[in-house]
Amino acid sequence: MYRPKGINELRTAAQLLKPTAPTGGGTYTQYNGVNVPNYPATGEVIYINFKSYGGTENAVNGVISYIDTALITTWYRSDITADCLIKLESGAKYRIISPPENIELQGQYMTFKVERVKGS
């Protein structure tokens with residue numbers, strides 16, 4: 001049976017924020033021609049293993065910036081999809097940037113990469 005390396009316990013509490021429908025609309029709102037998902041302020045608590053490797057270096061037009069990325073491992077849940085957000089106890093929100101992977105198709109653990117969402 002597969003057990004991810006370095007996982008003793010899934011001990012970091014986080015909230016799973018799934019897109020919800022605002023009053024009288026769908027799960028997405030159009031803002032300046034772009035569909036923007038609507039998220040609730042709080043969500044269901046899940047327990048995760050959160051590993052940050054210092055972010056990812058990105059160079060655009062000669063400007064180097066660092067994107068705060070992390071790798072999350074948690075129990076498998078089919079309702080965690082690429083349009084969900086993960087909110088830590090510190091208030092930091094992370095967007096899922098890779099499709100969640102059902103490790104070895106066992107339905108026991110899943111892993112995905114996230115990046116921090118800043119601003120409004």
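Let me sum up the structure you'll find in this document. (Residues numbered from 1 in each chain as written. Predicted model: local features only at pLDDT ≥ 70, side-chain atom pairs only at ≥ 80, totals over all residues. Heavy atoms only, no water.)

Thoughts on the overall build of the chain
To keep things clear, this is the line we draw: Put simply, DSSP H or I for four residues or longer makes a helix, DSSP E for two residues or longer makes a strand, and each gets a number counted from the N terminus. Under the scheme applied here, a residue whose accessible area is under 20% of the maximum for its type counts as buried, over 50% as exposed, and between as partly exposed, the area being computed with a 1.4 Å probe on protein chains only. In what follows, a contact means two residues having at least one pair of non-hydrogen atoms within 4.5 Å. Areas reported as accessible are Shrake-Rupley estimates using a 1.4 Å probe. Residue values count occlusion only from the protein chains shown.
Check the secondary structure of the chain and you find 0 helices and 11 strands. N-terminal to C-terminal, the α/β element order of the chain is β-β-β-β-β-β-β-β-β-β-β. Sorting the 120 residues of the chain into buried and exposed places 28% on the buried side. Partitioning the intrachain contacts of the chain with sequence separation of at least 6 by distance along the chain shows that 54% fall at a separation of at least 24. Total accessible area computed for the chain in this model is approximately 7800 Å², and 50% of it derives from carbon and sulfur atoms.

Re a nonpolar patch on the surface
Filter applied, for reference: Any residue with relative accessible area above 30% and no salt bridge may belong to a patch, with like charges joined within 9 Å and the nonpolar Val, Leu, Ile, Met, Phe, Trp and Tyr side chains within 5 Å. Put simply, a salt bridge is a Lys or Arg side-chain nitrogen that is within 4 Å of an Asp or Glu carboxyl oxygen.
Nonpolar side chains collect at one region of the surface, where Tyr-31, Val-34 and Val-36 lie side by side and expose about 300 Å² of accessible area between them. Looking at the secondary structure, you find Val-34 in strand β3 (residues 34-37). A relative accessible area of 49% places Val-34 in the partly exposed class.

Considerations on the pairing of strand β6 (residues 63-67)
Heads up, the rule is: DSSP bridges decide pairing: two strands pair if at least two such bridges lie between them.
With 0 of 5 residues buried, β6 is to be regarded as a mostly surface element. Here strand β5 (residues 56-60) runs beside β6; their pairing, made up of 5 bridges, is antiparallel. Bridged to Ala-59 within β6 is Ile-64. What sits between the antiparallel neighbours β5 and β6 is a turn of 2 residues, in which Asn-61 has the positive phi angle 55°.

Here's the deal with the environment of Thr-20
Relative to the assigned elements, Thr-20 resides in the loop between β1 (12-17) and β2 (28-31). According to the relative accessible area criterion, Thr-20 is partly exposed, its value standing at 33%. Residues Thr-20 and Tyr-39, spaced 19 residues apart in sequence, show a C-alpha to C-alpha distance of 5.7 Å.

The values are spatial; any link to function lies outside them.
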